[in-house]
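Here is how the chains run, residue by residue.
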Amino acid sequence: MIGVEGPNSSIGFVGTEEKYNSLRAILKELGKIVVAYSGGVDSTLLLKTAADTLGKENVLACISVGPAEPKRQLEYAKEAAKEIGVELIAVETDELADENFTANRPDRCFHCKLRISEVLLDIAGKRGFEHVVFGSNADDMSDFRPGNRALRVHGIRSPLAEAELTKDDIRQLSRQLGLATADMPSNPCLASRIPYGLEITEERLRQIDEAEDFLRGFGFAKCRVRHHDTIARIEVGPGLIEKISGEPIRSQVVEKLKSLGFKFVTVDLQGFRSGSLNELLTEEQKRRNL
């Protein structure tokens, strides 16, 4: 069993004990750290474990704020950081000022994460913290994630991935630690809803954020609104397609999304899948950007 500081005295999931111990060992090696924090399941477990392992005074959470981040996510992050007891700094990274980001090429995430990394490294240096860490997990290492290349450029560590913790492991550990994020759906950067080649603008990001927030009000916790210029392509779980297509929800969704500026509102019959816009990339395009 794993000794855990906090209200729960142990974690007993088969296959997670060694990984969790490895995570704590990695964190002890790093010392004082800045955690790139999003308020999601991965970075919250990382933040909690870091605070328990290193002491709260040796951990600083930094969250990127701006039009590319879901507005609700900042509130979740503030609540979680406060509960853990770690200082949280909101950082303006101004991605829309970077043409490499707004051009929305397949390497967009590389340029975005490179920019964030440099900002956080600067904060760490000024505040006397030794390392910056990100919450990438083991599953992310086999996915199309150009942002991982940016971390390698600056030698930034990803302790969850190094400890071989998968998303399922992280959710299990989060439940045992009593973290409210344990079952939170992933909610990445809003730019990930815009097809490569279509310019990223503040208006398009706002449309996506408001549209998805509206859908969550109907109980579609795991959803995406893909922005194809004049067309909104909605993804929900396959079992929920009938619900969103039926009245009165259908009419309300159409009315709302058209009021946001979309001309056409569609539901993807294939259903929700993370990173569906990467399906447009060839294997060669993926290799070039990793």
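Let me sum up the structure you'll find in this document.

Glancing now at helix H6 (residues 147-154). All of the buried residues along H6 are Gly 147, Asn 148, Ala 150 and Leu 151. Buried positions in H6, seen along its axis, are confined to an arc of 155 degrees and lie on one side of it. Projecting away from the buried face of H6 at angles above 90 degrees are the exposed residues Arg 152 and Val 153. In this fold, the buried residues of H6 make contact with helix H5 (108-127). A positive backbone phi angle near 65 degrees is found at Gly 155, which sits one or two residues after H6.

Moving on: the sheet that holds strand E9 (residues 264-267). What the three strands build is an open sheet, ordered E7-E8-E9; its pairing is mixed. What marks the edges here is a single partner per strand, and that holds for strand E7 (223-228) and E9. Each strand of the sheet is rotated relative to its neighbour by a mean of 20 degrees, with strand direction disregarded. Alignment of E7 against strand E8 (residues 231-236), held across six bridges, turns out to be antiparallel. By the bridge assignment for E8, His 227 is matched with Ala 232. Sitting on the sheet, helix H9 (residues 202-216) touches E7 and E8, and the angle it makes with E7 is about 150 degrees. In the packing of helix H11 (residues 249-259) onto the sheet, contacts are made with E7, E8 and E9, and the angle to E9 comes to roughly 135 degrees.

Per the counting criterion, the structure on display carries 23 salt bridges. Among the ionic pairs, Asp 213 bridges to Arg 216, the shortest N-O distance being 3.8 Å. Placement of both Asp 213 and Arg 216 in helix H9 is noted, with a separation of three residues, approximately one turn of the helix. Accessibility expressed as a relative area gives 28% for Asp 213, which makes it partly exposed.

Geometrically, a pair of aromatic rings is defined through the distance of the ring centres and the angle of the planes. Counting across every chain of the model gives one aromatic pair. Pairing Phe 214 with Phe 218 gives two aromatic rings, centres 5.2 Å apart and planes at 80 degrees, and the pair type is edge-to-face. Note on Phe 214: relative accessible area 24%, which makes it partly exposed. Above the plane of the ring of Phe 129 lies Lys 32, whose end atom (NZ or CZ) is 4.7 Å from the centre. When the ring centre of Phe 110 is taken as reference, the NZ or CZ atom of Arg 149 above it lies at 3.9 Å.

Interaxial distance between H5 and H6 falls to 7 Å at its minimum, and their mutual angle equals 35 degrees. Pair H5 / H6 crosses with right-handed handedness. Touching Cys 109, Phe 110, Lys 113, Leu 114, Ser 117, Glu 118 and Leu 121 of H5 are Gly 147, Arg 149, Ala 150, Leu 151, Val 153 and His 154, all from H6.

Moving on, we come to the nonpolar core. With 32 residues, the main nonpolar core has Ile 33, Leu 47 and Val 59 as its most contacted residues. Of all the elements in the fold, those that place two or more residues in this core are helix H1 (17-30), strand E3 (33-36), helix H2 (41-54), strand E4 (59-65), helix H3 (71-84) and helix H8 (167-176). In terms of residue count, the dominant contributor to this core is H2 (seven residues). Apart from residues lying up to four places away in sequence, Val 59 is in contact with Ile 33, Val 35, Leu 47, Ala 50, Ala 51, Leu 54, Val 86 and Phe 129.

The subject of this paragraph is unusual backbone geometry. Cis geometry is found at the peptide bond from Glu 247 to Pro 248, where omega equals 5 degrees. Structurally, the position occupied by Pro 248 is in the loop between helix H10 (241-245) and H11. In this structure, Asp 229 takes a positive phi of about 65 degrees despite not being glycine. Note on placement: Asp 229 falls in the loop between E7 and E8. Owing to a relative accessible area of 40%, Asp 229 belongs among the partly exposed residues under this scheme.

Calculation criteria
Residues numbered from 1 in each chain as written. Predicted model: local features only at pLDDT ≥ 70, side-chain atom pairs only at ≥ 80, totals over all residues. Heavy atoms only, no water. Buried < 20%, exposed > 50% of the residue type's maximum accessible area, 1.4 Å probe, protein only. Helix = DSSP H or I, 4+ residues; strand = E, 2+ residues; numbered from the N terminus. Arc of directions from axis to C-beta. Contact = heavy atoms within 4.5 Å. Pairing = 2+ DSSP bridges. Axes fitted to C-alpha atoms, helices over the stretch in contact; angles between N-to-C directions. Salt bridge = Lys/Arg side-chain N within 4 Å of Asp/Glu carboxyl O. Phe/Tyr/Trp six-rings, centres within 6.5 Å; stacked < 30°, edge-to-face > 60°. Lys NZ or Arg CZ within 6 Å of the ring centre and 35° of its normal. Left-handed = near helix turned anticlockwise from the far one by under 90°. Core = buried A, V, L, I, M, F, W, Y, C linked by side-chain atoms within 4.5 Å.

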